[in-house]
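Residue-level listing of the chains:
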Amino acid sequence: MYFLSTRLDEVKGIGDALYAKLEKRGYSTVKDLVLAVPLRYEDRSHTTQIAELQSGNLITVRGKMSSARNFYKGRRSMQSAKVSDETGTVKLQWFNNPHVISNIKDGEEYYVSGTYNPKYKSIAQPTIERVFDSHGDAKENIHTGRLVPLYSTMIPLKQGTQRRVLKEILNNLRIPNDLELQHMRLVESFDEIHFPTTVDHVVLARERLALEELLALIRRSRAIKQEWKELHTAPAFEIPAKPTAAIPASIPFSLTNAQQKSVTEILKDISQSEPMNRLLIGDVGSGKTVVAGIACNLIAEQNKNSAIIAPTKILATQHAESLVKLFPDLNVELVTGGRKPLEVPKEPTLFVGTHAVINRLENIKPALVIYDEQHRFGVGQRSAALGLSYMPHILTMSATPIPRSLMLTIFSHLQLSVIDEMPAGRLPTKTWLVPDSKREDSYNWMAKNLTKNHAQAIVVCPFIDPSEHLAFENVVSATETFEAMSAFMRQQHPGLRLGLLHGRQKKTEQSSVIKDLYAGEIDILVTTPMVEVGLDLKRASIIVIEAAERFGMASLHQLRGRVGRANQQGYCLLFSNANGMSSKERLEAFSKENNGLKLAELDLKNRGSGNLFGTMQHGFSDLQFADWANLELIGRAQKTYEELPNDWEPLFATDRKTTTEIPLAN
Ligand code: ADP
Ligand code: MG
């Protein structure tokens, strides 16, 4: 009998040498191996009569073996046999595989799977398996005559061995308190995943495991919430009776109602010693930064530091610049590199930076840590792991909308603030999918528009230079586009100045381009998606996106959010050489919809989870079975969780570092 915790070297058929190999790759228990599910299945369940065999197809025949022999061709050992059914005979051939025929007895019935070659009337390298066992009873097949699992080659087991080992495990697996959920127990779901009865059973079994995975996430979320509630280590701040009174007069605009509501929620949280753990969601351009700044400003007035952490140096630099303007009384320090302890100013400070800030948390001792566009939603590691004697308040900001049911279920440990309204006067960006034949026309239009309105344009290309992705078609690179566009503009519109910015330039070169850009000395910036979450150019009114089909909806929407940020009309021009109807339709749909949440829903409907979280690769996608887009199942998981017996043990570790976790220390 095996349990999930049984070490693999106790499993029949796994010796010490094999165990060592498995362990090295991270497979040390039965659980590790049963969770290493097949990448795909080959349908070897239908047998074909030999007279009906056709070339090229993967086929399975059932027949009697004869003439098995071993011989040499030059130095190569070869094996051959014949298999016959009532309609004919076909030759089988192997190379260098003497053991395959060693057990074949004349007249014995076998399943044979492989690819038929009509020229030689043979099947090369077939998989064979006896139909009956030694007692003459029908055998449970695992290699042929059924849906056969194929596993990742990352697992150091030959396919055949892996099937044998798994069969041995599954025949003897016991899971105590195994719950029947969605009509299936875990043991059954493993059976069906590795040795499925039908394809439909695979789907059901995977869903059973997906549910199990979601239940573990829910448990984790609840545990975090509980733990958080018991912590009373964060500094509590004094806030005005009417929290919006904390909004400084230096801010040159009035906050939208949604912004005011978020400010109120955040300030109320930081007035408690229970650390805040809040997510602030708002579409691109909805004005999250100022909301964050207001909290930091109040904290500084009460003599504590705070920190804003952005994913890129550009974004951090820009945050620092705009925060200085919005809060002239606030001391703002930019931290974008190095590991050395900082000289922390005497004066309370807002540190704005990249991950470099995280290395200095102990040094800075912020009362509030804000993550911008991290695409990870959760909590940090315990304060001890940060080297802090307290837990800071945490605010995560994101433009990616999270559907409500997902929020309630998986992210229930987070409080939520939503900015669902744009600053007054914002015009929706006009978006067009432009055919390539109108490229020159559109360049001319752009040049005139820029000159007339004294505006700036951003041209985004998916790649830096053409050499890097030769394998792809339609490689539109920033360097080439820069050359071509420069040549065109020099001829037609010599007054316009172009700049090039990408991740492979030297840091000093990048900084000087960015400086020129903000100084208005560049009219057209050609760049890569590195600007996705970053540029806040007041005069940018046109964005051109090349090979737009390469971008997910969320990215396109982020990019489009770079223009029209000062209430001027913004334009987004999409170029695409993709022929596929679906990508055209997707881009057309994108042109017509300006609301980020609606776009995400649209994407969710059309492509599954594909792109809603497409920009969240870091960490959001490492669910093995569950799908963030399957809101139906997520809802069911929530219900199921409430009904779980007290002794329920999660199959999936609830302490593993998931996706939902913000890496406070890197
Ligand atoms: P995001 O939510 O995408 O991070 P930002 O915080 O960068 O948006 O804000 C976008 C721009 O809008 C900034 O230039 C900001 O100063 C400005 N802004 C923010 N709130 C308002 C408001 N209530 N009225 C007018 N402009 C605003
Ligand atoms: Mg922002």
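What follows deals with the sheet that holds strand S4 (residues 88-95). Overall, mixed pairing links the 5 strands, which are arranged S2-S3-S4-S6-S5 in a closed barrel. Each strand axis lies, on average, 50 degrees off the axis of its neighbour in the sheet, ignoring direction. Relative to strand S6 (residues 122-130), strand S5 (residues 109-117) runs antiparallel, the two sharing 7 bridges. In the strand pairing of S6, Tyr 116 is matched with Ile 123.

What follows covers the domain arrangement of the protein. Its domain assignment divides the protein into domain 1 (40-190), domain 2 (191-426 + 613-666) and domain 3 (430-593). Taking the mean C-alpha position of each, domain 1 and domain 2 sit 51 Å from one another. Domain 1 puts 22 residues into the contact, and the matching count from domain 2 is 27 residues. The junction of domain 1 with domain 2 conceals about 2000 Å² of combined surface from both sides, 64% of it contributed by carbon and sulfur atoms. Counting across the domain 1 and domain 2 interface gives 0 salt bridges. The tally of links from domain 1 across to domain 2 stands at 15 residue pairs in polar contact (both at pLDDT 80 or more). If you list the elements that add at least two residues to the side of domain 1 that touches domain 2, you get strand S7 (147-150), helix H4 (159-171) and helix H5 (186-194). By residue class, the composition of the side of domain 1 that touches domain 2 is 13 nonpolar, 3 polar and 6 charged.

Ranked by size, the top nonpolar core spans 60 residues in total, and within it Leu 8, Val 30, Leu 33, Ile 169, Phe 190 and Ile 410 carry the most contacts. Elements that contribute at least two residues to this core include exactly helix H1 (16-24), helix H2 (30-34), H4, H5, helix H6 (199-230), strand S8 (277-282), helix H11 (404-410) and helix H19 (631-642). If one sorts the elements of this core by residue count, H6 sits on top with 9 residues. Split by domain, the residues of this core number at least three in each of domain 1 (40-190) and domain 2 (191-426 + 613-666). In terms of nonpolar packing, the next biggest core, distinct from the first, is built from 38 residues, Leu 298, Leu 323, Leu 330 and Leu 350 among them.

A few words now on the packing of helix H7 (residues 257-270) against helix H8 (residues 288-301). Two elements in contact, H7 and H8, have axes whose closest approach is 9 Å; the angle formed by their N-to-C orientations is 35 degrees. With respect to the hand of their crossing, H7 and H8 are arranged in right-handed fashion. For the pair formed by H7 and H8, the contact residues are Gln 259, Ser 262, Val 263, Ile 266, Leu 267 and Ile 270 on the first element and Val 290, Val 291, Ile 294, Ala 295, Leu 298 and Ile 299 on the second.

Looking now at unusual backbone geometry. Despite not being glycine, Gln 125 shows a phi value in the positive range, around 50 degrees. Note that Gln 125 resides in strand S6. The phi dihedral of Gln 182 falls on the positive side, at around 50 degrees, and the residue is not glycine. Among the secondary structure elements, Gln 182 is positioned in the loop between H4 and H5.

The next thing to look at is the site of ligand 1. Ligand 1 sits among 17 residues. The nearest are Gly 285, Lys 288, Thr 289, Arg 426 and Lys 538. Contact distances for ligand 1 include 2.8 Å between an oxygen atom and a side-chain N or O atom of Lys 288. Between ligand 1 and Arg 426, the relevant distance is 2.8 Å, taken from an oxygen atom to a side-chain nitrogen or oxygen of the residue. A total of 560 Å² of accessible area belongs to ligand 1 in isolation, and the protein chains cover 86% of it. For the shell around ligand 1, the residue count by class is 4 nonpolar, 7 polar and 6 charged. The residue makeup of the shell around ligand 1 includes at least three contributed by each of domain 2 (191-426 + 613-666) and domain 3 (430-593).

Here the focus is the packing of H6 against H19. It is at 9 Å that the axes of H6 and H19 come closest, and there the two elements cross at 65 degrees. Where H6 crosses over H19, the two elements pack in a sense that is right-handed. Each of Glu 207, Ala 210, Leu 211, Leu 214, Leu 215, Ile 218, Arg 219 and Arg 222 in H6 lies in contact with H19, whose residues at this interface are Leu 633, Ile 634, Arg 636, Ala 637, Gln 638, Thr 640, Tyr 641 and Glu 642.

With that out of the way, let us pick up the packing of aromatic side chains. According to the stated counting rule, one finds 6 aromatic pairs in the structure shown. Taken together, the aromatic side chains of Trp 432, Trp 445 and Tyr 571 make up a single cluster linked through ring pairs. Sitting over the face of the ring of Phe 71, Arg 69 holds its NZ or CZ atom 4.2 Å from the ring centroid. We note Lys 167 situated over the ring of Phe 195; from NZ or CZ to the ring centre the distance is 4.7 Å.

Conventions adopted
Residues numbered from 1 in each chain as written. Chains lettered and ligands numbered in written order. Predicted model: local features only at pLDDT ≥ 70, side-chain atom pairs only at ≥ 80, totals over all residues. Heavy atoms only, no water. Pairing = 2+ DSSP bridges. Helix = DSSP H or I, 4+ residues; strand = E, 2+ residues; numbered from the N terminus. Axes fitted to C-alpha atoms, helices over the stretch in contact; angles between N-to-C directions. Domains from an automatic or database assignment. Contact = heavy atoms within 4.5 Å. Buried area = accessible area lost by both parts, 1.4 Å probe. Salt bridge = Lys/Arg side-chain N within 4 Å of Asp/Glu carboxyl O. Polar contact = N/O pair within 3.5 Å; in protein donor to acceptor, adjacent residues only side chain to side chain. Nonpolar A, V, L, I, M, F, W, Y, C, P; charged D, E, K, R; others polar. Core = buried A, V, L, I, M, F, W, Y, C linked by side-chain atoms within 4.5 Å. Buried < 20%, exposed > 50% of the residue type's maximum accessible area, 1.4 Å probe, protein only. Left-handed = near helix turned anticlockwise from the far one by under 90°. Near = heavy atom within 4 Å. Areas by Shrake-Rupley, 256 points an atom, 1.4 Å probe, with all protein chains shown as cover. Phe/Tyr/Trp six-rings, centres within 6.5 Å; stacked < 30°, edge-to-face > 60°. Lys NZ or Arg CZ within 6 Å of the ring centre and 35° of its normal.

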